[in-house]
Amino acid sequence: MRNRYLDLLRFLAIVRVIVYHVTGWATLTLVFPAMSVMFALAGSLMAASLTRCGPAAIGRRLRRLLPSLWVLAVVFVPAMLLTGLPVTPRVLLWLFPIADPPANHWGALALSIIWYLRDYLWFVLASPVAFWLFRRAPLPTLLAPYLLLVAIEAGIYQAPPPVLREFGLYFGAWLLGFAHHSGMLRPLSGRVLYPLALALAVGGGLWIVGHPGPRGYDLNDNHLGNALWSAAFILIVLGRAPSGLAWLGRSRLADRAVTVVNRRALTIYLWHMPFVVALTPLVDVVGWSHQDPVGLAIRVLLVFALVGLVTLAVGWVEDVAARRRPELIPGGPVRSTEQASQSDTERPGRSGTEPVGEPTGVAGGRAVVPGQRMPEEAGTGTVSAG
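For clarity, every value in this text was computed on a predicted model and none was experimentally measured.

**Some remarks on the overall build of the protein**
At step 1: Regarding its fold elements, the protein presents 16 helices and 0 strands.
At step 2: Considering the protein as a whole, with its 386 residues, one finds that 55% of them fall into the buried category.
At step 3: Summed over its atoms, the accessible surface of the protein is roughly 16,400 Å², and 70% of this surface lies on carbon and sulfur atoms.

Below, the structure written as structure tokens:
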């Protein structure tokens with residue numbers, strides 16, 4: 001059966017990411033570490049797929065992931081080629097982003113969110129081995145990404161490949177998703193779960209306070225603090241997840257909104273950043289500063305409206321990728337009991353909704369907060385995870 005609580009978490013994470021990218025409010029990253037939550041949800045879904053299908057789950061995950069990226073590439077790659085992007089074999093990375101796809105000056109900014117798909121792809125490919133290890137030695141497997149990140153941050157492992165750095169930063173959240181699927185978190189008593197979460201939060205918080213980044217206490221500027229703080233958050237929201245959300249079903253509008261965003265999560269995520277970047281100079285022209293509450297509210301609404309329009313136009317690709325009947329707006333009334341059963345129950349070999357997901361060569365870091373650029377080792381743009 002579909003887990004509406006996990007759907008609600010994904011809905012909140014996507015909304016939070018978009019609002020953060022428009023406003024640049026660093027506090028949002030502390031209140032709700034959205035990217036780690038999305039990786040944890042993705043890890044839970046991947047564990048479910050591996051349990052049902054074994055290694056064949058890799059192909060099913062990639063089938064769900066890549067078509068929406070290809071739609072984006074069909075629009076933006078020709079535009080970048082016409083505006084200065086050189087034609088090299090690396091352009092093919094837009095078909096399978098095992099590394100950062102190339103981008104020109106404006107594309108590196110507008111498409112900076114592709115880093116999420118790059119990391120997601122690596123995590124999917126690593127999951128069969130990781131899940132095998134997790135089932136046999138859960139605690140050492142869970143600790144491994146965090147120990148790797150500590151070694152990197154302490155300078156013990158200097159100049160690691162970007163992929164390993166990302167494993168240290170986010171694969172721990174992915175493995176916590178494994179733990180959630182395996183039922184390891186819920187049985188933890190409050191005397192174990194809450195002190196553990198508190199210790200992680202305090203450790204992460206102290207590291208963040210002691211190592212502020214260029215944007216202050218923004219999790220995206222502090223990898224170790226991000227990983228520890230996010231782990232504490234995930235332990236609470238997944239370890240104490242409610243068994244149901246009856247109140248959501250009583251609100252037709254809220255229930256439909258959660259369904260639509262979950263069924264179109266990848267489309268919404270991939271397309272929101274180009275609109276954030278495109279609107280930034282336009283709103284400056286009419287005098288809406290980054291600190292003006294009214295201007296920020298208008299920008300948020302405009303981004304959501306534009307994302308809504310493009311989702312109507314191309315979001316059905318996610319239905320095709322999931323082998324569902326294409327719908328303009330998902331979650332409408334079903335025509336029969338059989339269809340109702342299909343919409344509420346995962347078909348064999350499939351997991352309900354694809355976590356989106358949010359930089360890349362397009363840039364190797366996180367998504368851009370307008371007006372706040374940072375140097376990035378990939379050399380193609382600046383980024384901030386959301």
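That was the structure; now back to the text.
**With respect to unusual backbone geometry**
At step 1: Of note, A159 is a non-glycine position whose phi angle comes to about 50°, a positive value.
At step 2: Residue position: A159 is located in the loop between α7 (138-153) and α8 (162-181).
At step 3: Here R323, not a glycine, exhibits a phi torsion of approximately 60°, which is positive.
At step 4: Mapped onto the secondary structure, R323 falls in the loop between α15 (316-321) and α16 (337-344).
At step 5: Given a relative accessible area of 57%, R323 falls into the exposed group.

**Things to note about the environment of D319**
At step 1: Tracing the backbone shows D319 in helix α15.
At step 2: Since its relative accessible area comes to 0%, D319 is described here as buried.
At step 3: Linking D319 and P330, residues 11 residues apart in sequence, is a C-alpha distance of 9.0 Å.

**Regarding the packing of aromatic side chains**
At step 1: Tallied over the entire structure, the rule returns 18 aromatic pairs.
At step 2: Ring centres 5.3 Å apart and planes at 80° place the aromatic pair Y120 and W174 in the edge-to-face group. Of this pair, Y120 sits in helix α6 (residues 115-136) while W174 sits in helix α8, and the two are 54 residues apart along the sequence. Each member of the pair, Y120 as well as W174, carries the same accessibility label: buried.
At step 3: Look at F131 and F178: their rings are 5.1 Å apart centre to centre, the planes differ by 75°, and that puts the pair in the edge-to-face class. Separated by 47 residues along the polypeptide, F131 in helix α6 and F178 in helix α8 bring together distant segments of the chain.
At step 4: Ring-pair connections join several aromatic residues into one group, and the members of that group are F39, W115, Y116, Y120, F123, F167, Y170, F171, W174 and Y269.

**Overview of the confidence of the model for the protein**
At step 1: Mean pLDDT over the protein: 85, with 84% of residues reaching 70 or higher.
At step 2: Predicted confidence is poor over residues 335-354, with pLDDT under 50, and the contacts of this stretch with residues over four places away or in other chains come to 49 contacts.
At step 3: Per-residue pLDDT stays below 50 along residues 357-383; that stretch engages in 128 contacts with residues further than four places along the chain or on separate chains.

**Section: the packing of α8 against helix α10 (residues 223-239)**
At step 1: Between α8 and α10, the shortest axis-to-axis distance is 10 Å and the interhelical angle comes to 10°. With respect to α10, the axis of α8 lies roughly parallel. Taking contact as the criterion, the partners of R165, L169, Y170, A173, L176 and H180 in α8 are, on α10, H223, N226, A227, A231, I234, L235 and L238.

**Examining the nonpolar core**
At step 1: If you look at the biggest cluster of nonpolar residues, it comprises 101 residues, and the most contacted ones within it are M35, F39, Y116, W174, F178 and L238.
At step 2: A per-element tally of this core places helix α1 (residues 4-23) first, with 12 residues.

**Some points on α1**
At step 1: In this model, α1 (20 residues) spans 28 Å end to end at C-alpha, consistent with the 28 Å of a helix rising 1.5 Å per residue.
At step 2: Burial analysis of α1 places 17 of its 20 residues in the buried class, which makes it a mostly covered element.
At step 3: Near the N-terminus of α1, the side chain that reaches the backbone nitrogen of Y5, with its oxygen 3.0 Å away, is that of N3.
At step 4: Two residues or fewer after α1 comes G24, characterised by a positive phi angle close to 75°.

**With respect to helix α14 (residues 293-314)**
At step 1: End to end, α14 covers 32 Å across 22 residues, agreeing with the expected 32 Å (1.5 Å per residue, within 8%).
At step 2: Taken together, the buried positions of α14 are G295, L296, R299, V300, V303, V307, V310, T311 and V314. Angularly, the buried residues of α14 cover 140° about the axis, an arc narrow enough to put them on a single face. Among the exposed residues of α14, those oriented more than 90 degrees off its buried face are V294, L301 and L309.

Conventions adopted
Residues numbered from 1 in each chain as written. Predicted model: local features only at pLDDT ≥ 70, side-chain atom pairs only at ≥ 80, totals over all residues. Heavy atoms only, no water. Helix = DSSP H or I, 4+ residues; strand = E, 2+ residues; numbered from the N terminus. Buried < 20%, exposed > 50% of the residue type's maximum accessible area, 1.4 Å probe, protein only. Areas by Shrake-Rupley, 256 points an atom, 1.4 Å probe, with all protein chains shown as cover. Phe/Tyr/Trp six-rings, centres within 6.5 Å; stacked < 30°, edge-to-face > 60°. pLDDT = per-residue confidence, 0-100. Contact = heavy atoms within 4.5 Å. Axes fitted to C-alpha atoms, helices over the stretch in contact; angles between N-to-C directions. Parallel < 35°, antiparallel > 145°, perpendicular 65-115°, else oblique. Core = buried A, V, L, I, M, F, W, Y, C linked by side-chain atoms within 4.5 Å. Expected span 1.5 Å × (residues − 1). Polar contact = N/O pair within 3.5 Å; in protein donor to acceptor, adjacent residues only side chain to side chain. Arc of directions from axis to C-beta.

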